[in-house]
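# Geometric and topological summary
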Amino acid sequence: MTSVAILMGSDSDMSTMTHCVEQLREFGIDPVVRIISAHRTPTVADDFAKSAADKGIHVIIAAAGMAAHLAGALASRTTIPIIGVPLPSGLGLGGMDALLSTVQMPPGVPVATMSLGKAGAKNAAIFAVQILALADKALAKKLRLFKAQQQEAVMKKDASLQQITSS
Ligand code: RP5
């Protein structure tokens, strides 16, 4: 299934966005993954956004660092939901630059902005699945299982902690 696209501004973003790819694959979704930059390859970004719907893409995850305009630029050219992942960059301001660039969209052009970095990469995948699951019962079932397993894992850790602290 290639209904999700992950775009990132640079190959230097891949080590973080791998977590997004892996999380999507755990749900059985094999995403399109591209390096496309709002600043360095603006015409490619433009073409991708305009043609994505015709290619069967239902959700686009856009990750970038520094002055992160990729998600917003895509959102301005398509009605497909755009999930933005701000990335901290060694060259930037610790991620605050990318966070504000991604989240502060003007009214009329929304970007669903995730947490910074790895947490945002994973959450972007889960959020994309939540969107797709609205029209896909099998995916919705996988999401329920995911949440239940997550809860079970934390409860197990809590039980171990209780054993240690009560002895
Ligand atoms: C952004 O600038 C990219 O998304 C990356 O996070 C950052 C630095 O890019 P490189 O100089 O590592 O290619 O456009």
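Residues numbered from 1 in each chain as written. Predicted model: local features only at pLDDT ≥ 70, side-chain atom pairs only at ≥ 80, totals over all residues. Heavy atoms only, no water.

## Re the nonpolar core
Nonpolar side chains tend toward joint burial in soluble globular proteins. In this structure, Ile6, Met17, Cys20, Leu24, Ile61 and Val85 are the most contacted members of the largest nonpolar core, which totals 28 residues. Elements with a minimum of two residues in this core: strand 1 (4-8), helix 1 (14-26), strand 3 (59-65), strand 4 (82-87), helix 5 (117-133) and helix 6 (137-166). For this core, the element with the most residues is helix 5, which contributes 8 residues. Mapping this core onto the domain boundaries places at least three of its residues in each of domain 1 (4-135) and domain 2 (137-167). Contacts of Ile61, omitting those with residues within four sequence positions, involve Val4, Ala5, Ile6, Leu7, Met17, Cys20, Leu24, Ile83, Val85, Ala124, Ala125 and Ala128. Counting residues in hydrophobic clusters, the runner-up holds 21 residues, among them Phe48, Ala68, Ala75 and Ile80. (Core = buried A, V, L, I, M, F, W, Y, C linked by side-chain atoms within 4.5 Å. Buried < 20%, exposed > 50% of the residue type's maximum accessible area, 1.4 Å probe, protein only. Helix = DSSP H or I, 4+ residues; strand = E, 2+ residues; numbered from the N terminus. Domains from an automatic or database assignment. Contact = heavy atoms within 4.5 Å.)

## Observations regarding the environment of Thr113
Topologically, Thr113 is positioned in strand 5 (residues 112-113). The spatial distance from the C-alpha of Thr113 to the C-alpha of Leu100 is 9.7 Å, given a sequence separation of 13 residues. When neighbours within four sequence positions are excluded, Thr113 is seen to be in contact with Gly84, Pro86, Leu99, Thr102 and Val103. Side-chain polar atoms of Thr113 contact the backbone oxygen of Thr102, separated by 3.4 Å. (Polar contact = N/O pair within 3.5 Å; in protein donor to acceptor, adjacent residues only side chain to side chain.)

## As for the domain arrangement of the chain
In terms of domains, the chain is made up of domain 1 (4-135) and domain 2 (137-167). In this structure, domain 1 and domain 2 have C-alpha centres spaced 29 Å apart. Taken together, the contact between domain 1 and domain 2 spans 10 residues of the former and 7 residues of the latter. Interface of domain 1 and domain 2: buried area, both sides summed, is about 690 Å²; carbon and sulfur atoms make up 78% of it. Across the domain 1-domain 2 interface, the total number found is 0 salt bridges. Applying the counting rule to domain 1 against domain 2 returns 1 residue pair in polar contact (both at pLDDT 80 or more). Among the elements that make up the side of domain 1 that touches domain 2, the one with the highest residue count is helix 5 (5 residues). For the side of domain 1 that touches domain 2, the class distribution of residues is 7 nonpolar, 3 polar and no charged. (Buried area = accessible area lost by both parts, 1.4 Å probe. Salt bridge = Lys/Arg side-chain N within 4 Å of Asp/Glu carboxyl O. Nonpolar A, V, L, I, M, F, W, Y, C, P; charged D, E, K, R; others polar.)

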